[in-house]
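Architecture at a glance
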Amino acid sequence: MLRFQELDGRYQVYQDERYVGSVQLYDNPRHMKNSYVKLELEKLDTSISAELFCKLGEIAGRPLQVMVSSLNTTMIKFLLAGGFQCKRKCYDVEASMADYVGGQSEIPMAHCFPGEADYETACKLMYNHYVSTHEAANPWTADYNTFCEDMPAEVIYAKHSGKLAAIAFVEGNEIAYVCGTDKQIFADFAQCLTAFMLAKHETICFECDDCDWAAMTLRSMFNNLDETSYDTYVLR
């Protein structure tokens, strides 16, 4: 049987009065629906997983979330034994033209910046896309203005029937955020975008979550990528 003792914001964990480590619950002010868990256990014993996370869930009063490398199979087994489910995989991509396997497409692209109407429209579309695609994994709970605080100042976009249909927020050689209103138009846009970026930079980089179809479309343009991911596990 496990016993918790709170000390300096952490919970010391004892099994039959033997210290087995500590756990910490903390918040992300932009994602308040889940309570984040940091584990510092001496041994990841799957026999205590269910009881440990049941007690933590009672303390938190919210779903629990743990982020872990896909290479950390011991931690993953510990989480799965406690009832967690993998809700999102996040991949880091750094690629060059040698890695490109996408086709060729010609679609008119333009740029916009803060203060312009198209930039504001791009921010709204990106916000709605992010909120909807991440709802099942780690819901956004902050407001729209908070979301916009971290957005890069340059947007590359393509229009269809006079409206923004494919969008990329870029900064240097990084493609920070992408979204679109039509999957085929976005696929054509992604080909043009990568060609444009790689003409300026030896390599480009971006993150993509497997819950985000637009980001994964961008990732599909490249081969020979590292399959290691940083995974989000949630216990509801």
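Computed from a prediction, not measured in an experiment: that's the story for all the values here.

Criteria and thresholds
- Residues numbered from 1 in each chain as written.
- Predicted model: local features only at pLDDT ≥ 70, side-chain atom pairs only at ≥ 80, totals over all residues.
- Heavy atoms only, no water.
- Helix = DSSP H or I, 4+ residues; strand = E, 2+ residues; numbered from the N terminus.
- Buried < 20%, exposed > 50% of the residue type's maximum accessible area, 1.4 Å probe, protein only.
- Expected span 1.5 Å × (residues − 1).
- Contact = heavy atoms within 4.5 Å.
- Pairing = 2+ DSSP bridges.

1. Notes on the overall build of the protein
- Scanning the protein from terminus to terminus reveals 6 helices and 12 strands.
- Dimensions of the protein along its principal axes, counting C-alpha atoms only, are 65 × 35 × 25 Å.
- The burial tally for the protein puts 47% of its 236 residues in the buried class.

2. Considerations on helix H5 (residues 183-200)
- With 18 residues, H5 extends 26 Å from end C-alpha to end C-alpha; this agrees with the ideal 26 Å at 1.5 Å per step.
- Those residues of H5 that fall on the buried side of the exposure criterion are Ile185, Phe186, Ala187, Phe189, Ala190, Gln191, Cys192, Leu193, Thr194, Met197 and Leu198.
- Looking at the buried side of H5, the elements it contacts are strand E6 (85-96), strand E8 (154-160), strand E9 (163-171), strand E10 (174-180), strand E11 (203-209) and helix H6 (213-219).

3. Quick word on the pairing of E10
- The sheet contact formed by E9 and E10 spans 6 bridges and is antiparallel. Paired with Ala166 across the strands is Gly180, a residue of E10.
- Taken together, E9 and the strand that follows it, E10, pair antiparallel across an intervening segment of 2 residues, in which Gly172 is found at a positive phi of about 60°.

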